[in-house]
Amino acid sequence: MSLTNLFFGVYPYIALTVFVIGSWIRYDNEQYTWKTDSSQLLSKQGMMLASNLFHVGIIMIFFGHFAGLVLPHGLWLGLGISDLAHQWIAIIAGVIFGIMCLVGGAMLWYRRMYNPRVRVNSRRSDVFIITWLMATLILGLLTVPFSVGHAVKGDPAVMLALAEWVKSILLLNPQPELMTKVDPIFRAHIFFGMTVFLVFPFTRLVHILTAPFSYLTRAYQIVRTKRRLA
């Protein structure tokens with residue numbers, strides 16, 4: 001088996017299997033660990049700016065990847081968006097939200113590593129995942145010059161090959177040979193991205209899968225002050 005077949009034909013299913021089953025087991029057996037573990041109480045300095053930049057950036061990057069790689073190709077064409085226009089939209093949005101995420105993530109990484117109170121309360125998985133996410137993001141931003149080069153030449157072939165590969169994985173008909181058509185930087189970025197799914201159940205990232213919707217409908221808490229009787 002070639003490395004291409006291993007990394008882009010087998011590894012995606014290993015990562016997705018661990019992601020699904022691992023998250024299920026953790027939620028079922030360790031719900032008290034299913035939380036954000038926010039460190040804001042330990043140090044608030046710069047936290048709001050860094051957190052907002054990082055979270056807005058990474059959420060928009062996720063939905064951008066989903067729209068560009070998972071949604072049917074025909075949908076974009078049906079909306080009157082050509083392959084080349086699609087690629088330029090991806091480049092511009094990727095740069096904007098990628099830089100937002102990079103700035104916020106760098107601030108959070110520095111805080112995690114060098115704020116004494118935050119660092120002493122950090123687990124190894126906390127340090128690992130923020131570092132891995134930043135590495136994945138940087139690799140993604142490094143793909144931008146290559147994407148621009150392809151777009152300037154009017155060649156969306158790499159973007160289409162990536163979308164076809166994602167489609168083949170989701171339809172359980174892997175075509176790893178498609179990845180031989182893309183630049184190595186894209187393959188590195190994708191490998192790092194797949195590894196995020198692999199380690200997901202073992203980190204604080206699990207909080208992504210839940211949202212406190214019940215908070216909107218829960219009963220009000222009654223809080224009484226304790227007054228000293230005269």
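- The name an unreviewed UniProt entry assigns to the protein is nitrate reductase (quinone), from the organism Thauera phenylacetica B4P.
- Within the UniProt record for the protein, the comment given under Subunit (unreviewed entry) is "Dimer of heterotrimers each composed of an alpha, a beta and a gamma chain. Alpha and beta are catalytic chains; gamma chains are involved in binding the enzyme complex to the cytoplasmic membrane."
- The annotation that UniProt attaches to the protein under Subcellular location (unreviewed entry) is "Cell membrane".

1. Looking at the nonpolar core
Here is step 1: Within the largest apolar cluster, 19 residues are counted, with the highest numbers of intra-cluster contacts made by Phe54, Leu133 and Leu205.
Here is step 2: If you tally residues by element for this core, the top one is helix α6 (residues 124–142), at six residues.
Here is step 3: Apart from the residues lying within four places of it in its own chain, the contact partners of leucine 133 are Phe54, Val196 and Leu205.
Here is step 4: Counting 16 residues, the second largest nonpolar core, distinct from the first, contains Phe8, Ala161, Phe186 and Met194.

2. Examining the environment of leucine 198
Here is step 1: Assignment of secondary structure puts leucine 198 in helix α9 (residues 184–199).
Here is step 2: Ignoring anything within four residues of it in the chain, the contact list for leucine 198 reads Tyr11, Ile14, Ala15 and Val18.

3. Focus: helix α4 (residues 83–114)
Think of an α-helix as turning once every 3.6 residues; residues three or four places apart then point the same way.
Here is step 1: Taking 1.5 Å per residue as the helical rise, α4 with its 32 residues ought to reach 46 Å, and the 44 Å between its terminal C-alpha atoms agrees with that figure.
Here is step 2: Inspection of α4 places Asp83, His86, Gln87, Ile91, Gly98, Cys101, Gly104, Gly105, Leu108, Arg111, Arg112 and Met113 among the buried residues, and these make up the whole buried set.
Here is step 3: The inward-facing, buried residues of α4 contact α2 (47–70), α3 (73–78), α5 (116–120), α6, α7 (144–152) and α8 (157–170).

4. A short note on a nonpolar patch on the surface
Here is step 1: A contiguous nonpolar surface patch, about 730 Å² in accessible area, is contributed by Val56, Ile59, Met60, Phe62, Phe63, Phe66, Val70 and Leu170.
Here is step 2: Broken down by element, the residue count for the nonpolar patch peaks at seven residues, all from α2.

5. Section: the UniProt feature "binding site: heme b" (unreviewed entry) in the protein
Here is step 1: The sites that carry the UniProt feature "binding site: heme b" (unreviewed entry) are, in the present numbering, His55, His65, His189 and His207. With a sequence span of 153 residues, these residues are also far apart in the fold, their greatest C-alpha distance being 23.5 Å.
Here is step 2: Histidine 55 gets classed as partly exposed once you look at its relative accessible area, which sits at 34%.
Here is step 3: Within polar-contact distance, the side chain of histidine 55 engages the backbone oxygen of serine 51 at 2.8 Å.
Here is step 4: Note on placement: histidine 207 falls in the segment after α9.
Here is step 5: Given a relative accessible area of 24%, histidine 207 falls into the partly exposed group.
Here is step 6: Not counting the four nearest positions on each side in its chain, histidine 207 is found in contact with Trp34, Lys35 and Thr36.
Here is step 7: Within polar-contact distance, the side chain of histidine 207 engages the backbone oxygen of arginine 204 at 2.6 Å.

6. Quick look at the layout of surface pockets
Here is step 1: Put simply, the second largest pocket is a space of about 220 Å³.
Here is step 2: Forming the walls of the second largest pocket are 15 residues, and the residues nearest its centre are Leu69, Leu71, Pro72, His73 and Ala163.
Here is step 3: Among the elements of the structure, α2, α3 and α8 are those that each provide at least two residues to the lining of the second largest pocket.
Here is step 4: When residues of the lining of the second largest pocket are assigned to their parent elements, the largest contribution, six residues, is made by α8.
Here is step 5: By residue class, the composition of the lining of the second largest pocket is ten nonpolar, three polar and two charged.

7. Quick look at α8
Here is step 1: Taking 1.5 Å as the rise per residue, α8 with 14 residues should run 20 Å; its terminal C-alpha atoms sit 20 Å apart, in good agreement.
Here is step 2: Of all the positions in α8, only Val158, Met159, Ala161, Leu162, Ala163, Trp165, Val166, Ser168 and Ile169 are classed as buried.
Here is step 3: Against α1 (3–29), α2, α4, α7 and α9 lie the buried residues of α8.

8. A few points about the packing of α4 against α7
Here is step 1: With their axes 10 Å apart at the nearest point, α4 and α7 run at an angle of 155° to one another. Here α7 runs roughly antiparallel to α4, going by the angle between their axes. In the crossing of α4 with α7, the sense of the turn from one axis to the other is left-handed. Contacts from Leu84, Gln87, Trp88, Ile91 and Val95 of α4 reach α7 at Val144, Ser147, Val148, His150, Ala151 and Val152.
Here is step 2: Looking at the contact of α4 with α7 residue by residue, the class counts come to eight nonpolar, three polar and no charged.

What counts, and where the lines are drawn
- Residues numbered from 1 in each chain as written.
- Predicted model: local features only at pLDDT ≥ 70, side-chain atom pairs only at ≥ 80, totals over all residues.
- Heavy atoms only, no water.
- UniProt positions renumbered as here; feature names shortened; annotations may be inferred.
- Core = buried A, V, L, I, M, F, W, Y, C linked by side-chain atoms within 4.5 Å.
- Buried < 20%, exposed > 50% of the residue type's maximum accessible area, 1.4 Å probe, protein only.
- Helix = DSSP H or I, 4+ residues; strand = E, 2+ residues; numbered from the N terminus.
- Contact = heavy atoms within 4.5 Å.
- Expected span 1.5 Å × (residues − 1).
- Patch = residues over 30% accessible without salt bridge, like charges linked within 9 Å, V, L, I, M, F, W, Y side chains within 5 Å.
- Areas by Shrake-Rupley, 256 points an atom, 1.4 Å probe, with all protein chains shown as cover.
- Salt bridge = Lys/Arg side-chain N within 4 Å of Asp/Glu carboxyl O.
- Polar contact = N/O pair within 3.5 Å; in protein donor to acceptor, adjacent residues only side chain to side chain.
- 1 Å grid on protein atoms, 1.4 Å probe; cavity = no way out; pocket = protein on both sides within 12 Å on 5 of 7 lines; lining within 4 Å.
- Points joined across faces, edges and corners; volume = space filled by probe spheres on them.
- Nonpolar A, V, L, I, M, F, W, Y, C, P; charged D, E, K, R; others polar.
- Axes fitted to C-alpha atoms, helices over the stretch in contact; angles between N-to-C directions.
- Parallel < 35°, antiparallel > 145°, perpendicular 65-115°, else oblique.
- Left-handed = near helix turned anticlockwise from the far one by under 90°.

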